[in-house]
Amino acid sequence: VDPAYHKNILVLNSTSISGLAGRWCTRLNDAGYVNTFASDYQTEQTTTRIVAKEAGVGQELVSYFNGASYEVGTITEGTSEDTSKYDVVIILGTQDNDQ
């Protein structure tokens with residue numbers, strides 16, 4: 001499976017740490033992902049969730065996080081962002097608040 005370097009990736013911060021999603025975007029940009037965007041998620045999560053529109057897309061992102069889950073689907077609640085324009089949505093959990 002090709003890495004999702006040119007896919008649109010939305011990173012949502014579910015933690016209380018300000019700027020966390022932005023720091024994760026920087027880390028992913030440094031790793032070669034070029035279309036990353038940061039926003040907030042309303043409900044705190046413990047484990048990071050990686051949700052892709054298509055099976056296999058962005059699956060390699062799991063390796064960047066502490067025990068992240070990977071699923072195929074869409075995120076329609078918990079954020080004010082229109083997630084339909086993103087190929088992958090990452091909801092950061094508190095296990096990945098070390099950035």
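Below you will find a few notes about this structure. Counting starts from 1 at the beginning of each chain's written sequence and moves along it residue by residue. For a predicted model such as this one, the threshold for reporting local features is a pLDDT of at least 70, and the threshold for listing and counting side-chain atom pairs is 80 or more; totals across whole chains, interfaces and linings nevertheless cover every residue. No hydrogens and no water enter the side-chain calculation; it runs on all heavy atoms of the structure.

1. Quick look at the side chain of Thr 36
Logical step 1: For the purposes of this entry, the term helix denotes a DSSP run of H or I that reaches at least four residues, the term strand denotes a run of E that reaches at least two, and both are numbered from the N terminus. For Thr 36, the position within the fold is in strand E2 (residues 35-40).
Logical step 2: When residues no more than four places from it in sequence are discounted, the contact partners of Thr 36 are Ile 9, Cys 25, Leu 28 and Asn 29. We call two residues in contact whenever any of their non-hydrogen atoms come within 4.5 Å of each other.

2. Points about the packing of aromatic side chains
Logical step 1: Each pair of aromatic rings taken from Phe, Tyr and Trp, with Trp reduced to its six-membered ring, is defined by centres within 6.5 Å and is described as stacked if the planes are under 30 degrees apart, edge-to-face if over 60, and tilted in the remaining cases. By the definition in use, this model includes four aromatic pairs.
Logical step 2: Measuring from ring centre to ring centre gives 6.0 Å for Tyr 33 and Tyr 64, while their planes differ by 80°; the resulting arrangement is edge-to-face. Taken together, the positions of Tyr 33 in the loop between helix H1 (20-30) and E2 and Tyr 64 in the loop between strand E3 (49-52) and strand E4 (69-72) put the pair 31 residues apart, joining distant regions of the chain.
Logical step 3: Categorising residues by exposure relies on relative accessible area from a 1.4 Å probe, with only protein chains included: less than 20% of the type maximum marks a residue as buried, more than 50% marks it as exposed, and the intermediate range marks it as partly exposed. A relative accessible area of 22% means that Tyr 64 is categorised as partly exposed.
Logical step 4: Cluster of aromatic residues (ring-pair linked, three or more members): Tyr 5, Tyr 33 and Tyr 64.

3. Focus: the nonpolar core
Generally speaking, a soluble globular protein has its nonpolar side chains buried in company with each other.
Logical step 1: Among the buried residues, those of types Ala, Val, Leu, Ile, Met, Phe, Trp, Tyr and Cys that are joined through side-chain atoms within 4.5 Å form a nonpolar core. By size, the foremost hydrophobic cluster in this structure holds 18 residues, and its most contacted members are Val 11, Leu 61, Val 88, Ile 90 and Leu 92.
Logical step 2: Breaking this core down by element, the ones donating at least two residues are strand E1 (8-13), H1, E3 and strand E5 (88-92).
Logical step 3: At five residues, the largest contribution of residues to this core is made by H1.
Logical step 4: Each residue touching Leu 92, except ones within four places of it in the same chain, is listed here: Val 11, Leu 12, Asn 13, Ser 14, Thr 15, Leu 20, Ala 21, Trp 24, Thr 48 and Phe 65.
Logical step 5: Counting eight residues, the second-largest nonpolar core is a separate cluster that includes Leu 10, Leu 12, Tyr 41 and Val 89.

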